[in-house]
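# Fold and geometry: a report
If you want the building blocks of each chain, they are given just below.
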Amino acid sequence: MRIDVLTLFPEFCPGALGASILGLARERGLVDFRLVNIRDFARDRHKVCDDTPYGGGPGMVMKPEPLAAAIDSARRPQSTVVLLSPQGEPFSQATAEEFSRAGQLVLVCGRYKGVDERVRLMADREVSVGDYVLPGGEAAAVVIVEAVARLLPGAVGHEDSVATDSFSTGILDAPYYTRPREFRGLAVPEVLVSGDHASVARWRREQALKTTAQRRPELLRGEVLSETEREFLCRELGKEIVNG
Ligand SMILES: C[S@@+](CC[C@H](N)C(=O)[O-])C[C@H]1O[C@@H](n2cnc3c(N)ncnc32)[C@H](O)[C@@H]1O
């Protein structure tokens, strides 16, 4: 897969994007990653990429010409052009999975008051990483690249580990423990050291359901619960779980 990040601040990204899973994915040839400096597409002597807004008011707006030229140069027939914006659709695991199947992602980072509205219309998708405003789209692009890269086949050592993560299964993940068996007076649950794989699997499923019911009950809505699981949740939470 190819990922192009279009930004006015390419120096923001390389550290984050060269490390960890994306670094590995690049080394393994799974991702062809490019940082594109939007300023390189400005035609004037001073490489100006922003201007005052029509109608007045505070802040600057990213000019359409350099941005459109940068998008045109990156876009391929199989590309998904994504504008990072606090007004976009919320980024989720489902979006990450969808993006991981795209041939190419072109991530467009805004700055200042944002991009000229006519450039917004050039994007295939507009995506937000949360209900807060960042000074620029670069941190949002890093979030998306990290979430997408780890889903590429071969990017992580244990692909089943990704499959059991929160949201991938539709609910939150189970709690995990590692050595030592006792830490600050807290012991690892007996079942996890029992060697009984079926019991461990049942315990993890129950704990994942319990955590989800406590923290994100809306995620249980589409979950099929067995009678035993329903009884377990009722016992643990002291109330009947109504879902589906
Ligand atoms: C200061 S923001 C502009 C905010 C815009 N005036 C608004 O209120 O909707 C500058 C740029 O940061 C990026 N950005 C800010 N918050 C974001 C978020 N939650 N998700 C994705 N991108 C974001 C966008 O690229 C945006 O164009």
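These numbers come from a predicted model, not from an experiment. Within each chain, residues carry numbers counting from 1 in the order of the written sequence. It should be noted that, the model being predicted, local features are given only for residues of pLDDT at least 70 and side-chain atom pairs only at 80 or more, the latter also being counted only at that level, while totals for whole chains, interfaces and linings use all residues. Note: side-chain values were computed over all heavy atoms of the structure, leaving out hydrogens and water.

### Considering the nonpolar core
Residues belong to one nonpolar core when they are buried, are Ala, Val, Leu, Ile, Met, Phe, Trp, Tyr or Cys, and are joined through side-chain atoms within 4.5 Å. Each residue is assigned to one of three classes by its accessible area relative to the maximum for its type, calculated with a 1.4 Å probe on protein chains only: buried under 20%, partly exposed between the two thresholds, exposed over 50%. Formed by 28 residues in total, the largest nonpolar core has its most connected members in Ile3, Val5, Leu84, Phe99, Leu105, Leu107 and Ile144. Strands are runs of DSSP state E lasting at least 2 residues, helices are runs of H or I lasting at least 4, and numbering of each runs from the N terminus. When contributions to this core are tallied by element, the ones reaching two or more residues are strand E1 (2-7), helix H2 (20-27), strand E5 (79-90), helix H4 (93-100), strand E6 (104-108) and helix H6 (138-149). Ignoring anything within four residues of it in the chain, the contact list for Leu84 reads Leu107, Val108, Cys109, Val127, Gly137, Ala140, Ala141 and Ile144. Formed by 18 residues, the second largest nonpolar core is a distinct cluster that contains Met62, Leu67, Leu83 and Val108. Here, residues are in contact when the closest pair of their heavy atoms is within 4.5 Å.

### A look at the site of the ligand
Nearness of a residue to a molecule or strand requires only that one of the residue's heavy atoms be within 4 Å of it. Contacts to the ligand come from 20 residues, most closely from Leu84, Gln87, Gly110, Lys113 and Tyr132. Polar contact criterion, stated in full: a pair of N or O atoms within 3.5 Å, where within protein one must be able to donate a hydrogen and the other to accept it, and residues adjacent in sequence count only if both atoms are side-chain atoms. In the model, a nitrogen atom of the ligand is placed 3.0 Å from a nitrogen or oxygen of the Gly130 main chain. Gly136 is positioned with one of its backbone polar atoms (N or O) 3.5 Å from an oxygen atom of the ligand. Among the detected pockets, the ligand sits in the largest pocket. Looking at the shell around the ligand, the elements with two or more residues in it are E5 and strand E7 (125-128). In terms of residue count, the dominant contributor to the shell around the ligand is E5 (four residues). When residues are grouped by polarity, Ala, Val, Leu, Ile, Met, Phe, Trp, Tyr, Cys and Pro land in nonpolar, Asp, Glu, Lys and Arg in charged, and all others, Gly among them, in polar. Across the shell around the ligand, the residue classes tally to 10 nonpolar, eight polar and two charged. For cavity detection a 1 Å grid was placed over the protein atoms alone, and a set of points counts as a cavity when a 1.4 Å probe fits there but cannot get out; an open set counts as a pocket when protein lies on both sides within 12 Å along at least five of seven lines, with lining residues being those that have an atom within 4 Å of a point. Assignment of a molecule to a cavity or pocket requires that more than half of its atoms lie within 2 Å of the corresponding grid points.

### What to know about the layout of surface pockets
Grid points are joined across faces, edges and corners, and a volume is the space filled by probe spheres set on the points. Of the voids in this model, the largest pocket is the one considered here, and its volume is about 510 Å³. In this structure, the largest pocket is lined by 25 residues; those nearest its centre are Leu84, Ser85, Pro86, Lys113 and Gly114. For the lining of the largest pocket, the secondary-structure elements that each account for two or more residues are E5, helix H5 (117-120) and E7. Of the residues forming the lining of the largest pocket, the biggest block, five residues, is contributed by E5.

### Some points on the domain arrangement of the chain
According to the domain assignment, the chain consists of domain 1 (2-149) and domain 2 (182-237). One C-alpha centre belongs to domain 1, the other to domain 2; they are set 40 Å apart. Bear in mind that the domain bounds are from an automatic or database domain assignment.

### Focus: the sheet that holds E6
DSSP-based pairing: two strands are paired if at least 2 bridges between them are found. Overall, parallel pairing links the five strands, which are arranged E2-E1-E6-E5-E7 in an open sheet. Two strands in the sheet have a free side with no partner beyond their single neighbour: strand E2 (32-37) and E7. Mean inter-strand twist for the sheet, computed between neighbouring axes without regard to direction, equals 30°. As defined by bridge partners, E1 adjoins E2 across six bridges and the pair is classed as parallel. In the sheet register, Val5 faces E2, and the bridge partner there is Leu35. With axes taken as lines fitted to C-alpha atoms, and helix axes fitted only over the stretch in contact, angles between N-to-C directions fall between 0 and 180 degrees.

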